[in-house]
Amino acid sequence: MSDTSSEPVNTSYAKAPTLAVTAGGVTFAYRELGPRGGVPVVFFVHLAATLDNWDPRIVDPIARERHVIAFDNRGVGASTGEVPDTVEAMAADAVTFVRALGFREIDVFSFSLGGMVAQVLAREYPELVRRLVLTGTGPEGGVGIDRVARTTYYDMARAALTRSDPKEYLFFNRDTTGRSAGRAFVERLGERTTDRDRPISVRALRTQLKAIKRWGRSEPTDLSEITQPTLIANGDNDRMVPSVLSEDLHRRIPGSELVVYPDSGHGGIFQYHREFAPVAVEFLTR
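Reading the values: the criteria
Residues numbered from 1 in each chain as written. Predicted model: local features only at pLDDT ≥ 70, side-chain atom pairs only at ≥ 80, totals over all residues. Heavy atoms only, no water. Axes fitted to C-alpha atoms, helices over the stretch in contact; angles between N-to-C directions. Helix = DSSP H or I, 4+ residues; strand = E, 2+ residues; numbered from the N terminus. Parallel < 35°, antiparallel > 145°, perpendicular 65-115°, else oblique. Contact = heavy atoms within 4.5 Å. Buried < 20%, exposed > 50% of the residue type's maximum accessible area, 1.4 Å probe, protein only. Polar contact = N/O pair within 3.5 Å; in protein donor to acceptor, adjacent residues only side chain to side chain. Pairing = 2+ DSSP bridges. Expected span 1.5 Å × (residues − 1). Arc of directions from axis to C-beta. Salt bridge = Lys/Arg side-chain N within 4 Å of Asp/Glu carboxyl O. Phe/Tyr/Trp six-rings, centres within 6.5 Å; stacked < 30°, edge-to-face > 60°. Lys NZ or Arg CZ within 6 Å of the ring centre and 35° of its normal.

Caption draft 1: Layout of the packing of helix α2 (residues 87-100) against helix α3 (residues 113-124). Interhelical geometry of α2 versus α3 gives an angle of 70° and a closest axis separation of 9 Å. By the angle between their directions, the pair α2 and α3 is classed as roughly perpendicular. Where α2 abuts α3, its residues Val 87, Glu 88, Met 90, Ala 91, Ala 94 and Val 95 lie against Leu 113, Met 116, Val 117, Val 120, Leu 121 and Glu 124.

See below:
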């Protein structure tokens, strides 16, 4: 798809309008920004997240160079339908969405649960994925992934007691640096003040957690089947998806690149957005 409009190109995620496309009986909500034309970068978001959960300090630098698309999967946010209880079904929905927009090839930027979906996409639909960015995620059968639900509920309870956003606990270390980074991240997520997405329902969250537990308890898959250029990134103290699993991905995906940020957790790429965004842009514009 080429952009023939004379309008200025929007590269601000906070200002990207929410659009919709219907396919496979589902109306998918999505936002797009950046210059049109060529292969788009499609963003696959994390557990419990909607369109409003992408850090603009990551999205905007990529959108200055590339056509960016973010979307709500089935049953999440403003998208209709029921949330699938397997990662594989989420990947199939993503294919339906991408093809509904008319794209035959995409680059993938993924985080956490989105990275699990992206791995399935790269393996089962290799013709669709050109480049792959996996952040804060782990492989099928990865040790500790099945404990994500326990960690999530525990940190949600801690956040409620302090009237904080759960992501401050789930994504960041609870030291001075981590607390500051967490507060800054949540503030950035609030930069969009109009046309906000619907929050995820409790039922949808529980179904996503069931899918993640099933992913963690499944037999490992052959990641050598992922032959697309792959960038992997994480913090060195990820409590949700253990950091060692990023190293495992790196060892098992041929030719992959790994970046690990010190003194940071699951949201390491957000804490280190100034360092990571240029790395992601360089990788995605090769």
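Next, the rest of the story.
Caption draft 2: Broad picture of helix α1 (residues 56-63). When you tally the buried positions in α1, you get seven out of eight residues, the bulk of the element. Taken residue by residue, α1 has Pro 56, Ile 58, Val 59, Asp 60, Pro 61, Ile 62 and Ala 63 as its buried positions. Between the side-chain oxygen of the N-cap and the backbone nitrogen of Arg 57 there are 2.9 Å, and the N-cap of α1 in question is Asp 55.

Caption draft 3: Main features of the sheet that holds strand β6 (residues 129-135). Ordered by their spatial adjacency, eight strands build an open sheet running β1-β2-β4-β3-β5-β6-β7-β8, and the pairing between neighbours is mixed. Of all strands in the sheet, those with a lone pairing partner are β1 (18-23) and β8 (257-261), marking the two edges. Here the strands of the sheet are splayed against their neighbours by 25° on average, with no regard to which way each runs. The sheet strands contacting α1 are β2 (26-33), β3 (41-44), β4 (68-71) and β5 (106-111), and the helix crosses β3 at an angle near 170°.

Caption draft 4: Quick peek at helix α10 (residues 273-284). Compared with the 16 Å implied by 1.5 Å per residue over 12 residues, the 16 Å span of α10 between its first and last C-alpha is a close match. What α10 keeps buried is the set His 273, Phe 276, Ala 277, Ala 280, Val 281, Phe 283 and Leu 284. Each buried residue of α10 sits inside an arc of 165° when the element is viewed along its axis, so together they form one side.

Caption draft 5: Layout of the pattern of salt bridges. Per the stated rule, a full pass over the model turns up 21 salt bridges. Between Asp 107 and Arg 130 there is a salt bridge whose closest N-O contact spans 2.9 Å. With Asp 107 in strand β5 and Arg 130 in strand β6, the pair connects residues that are 23 residues apart, well separated along the chain. A relative accessible area of 0% means that Asp 107 is categorised as buried. Judged by its relative accessible area of 32%, Arg 130 falls in the partly exposed class. A salt bridge links Arg 217 to Asp 146; the shortest N-O distance between them is 3.2 Å. Placement of the pair is Arg 217 in helix α7 (residues 202-217) and Asp 146 in the loop between β6 and α4 (148-162), with a sequence separation of 71 residues. Arg 217 gets classed as exposed once you look at its relative accessible area, which sits at 57%.

Caption draft 6: The arrangement of the packing of aromatic side chains in detail. Scanning the entire structure with this criterion turns up 17 aromatic pairs. With a centroid separation of 5.9 Å and 75° between ring planes, the pair formed by Trp 54 and Phe 109 is classed as edge-to-face. Taken together, the residues Trp 54 in the loop between β3 and α1 and Phe 109 in strand β5 connect sequence positions 55 residues apart. The two residues Trp 54 and Phe 109 agree in class, both being buried. Taken together, the aromatic side chains of Phe 43, Trp 54, Phe 109, Tyr 261, Tyr 272 and Phe 276 make up a single cluster linked through ring pairs. It is Arg 131 that lies over the ring of Phe 283; its NZ or CZ is 4.8 Å from the centre.

Caption draft 7: View of unusual backbone geometry. Phi at Ala 48 takes a positive value of approximately 70°, unusual for a residue other than glycine. Looking at the element boundaries, Ala 48 is found in the loop between β3 and α1. Positive phi outside glycine occurs at Ser 112, with the angle close to 60°. Among the secondary structure elements, Ser 112 is positioned in the loop between β5 and α3. On the accessibility criterion, Ser 112 (5% relative accessible area) is buried.

All quantities given are derived from atomic positions and should not be read as evidence of function.
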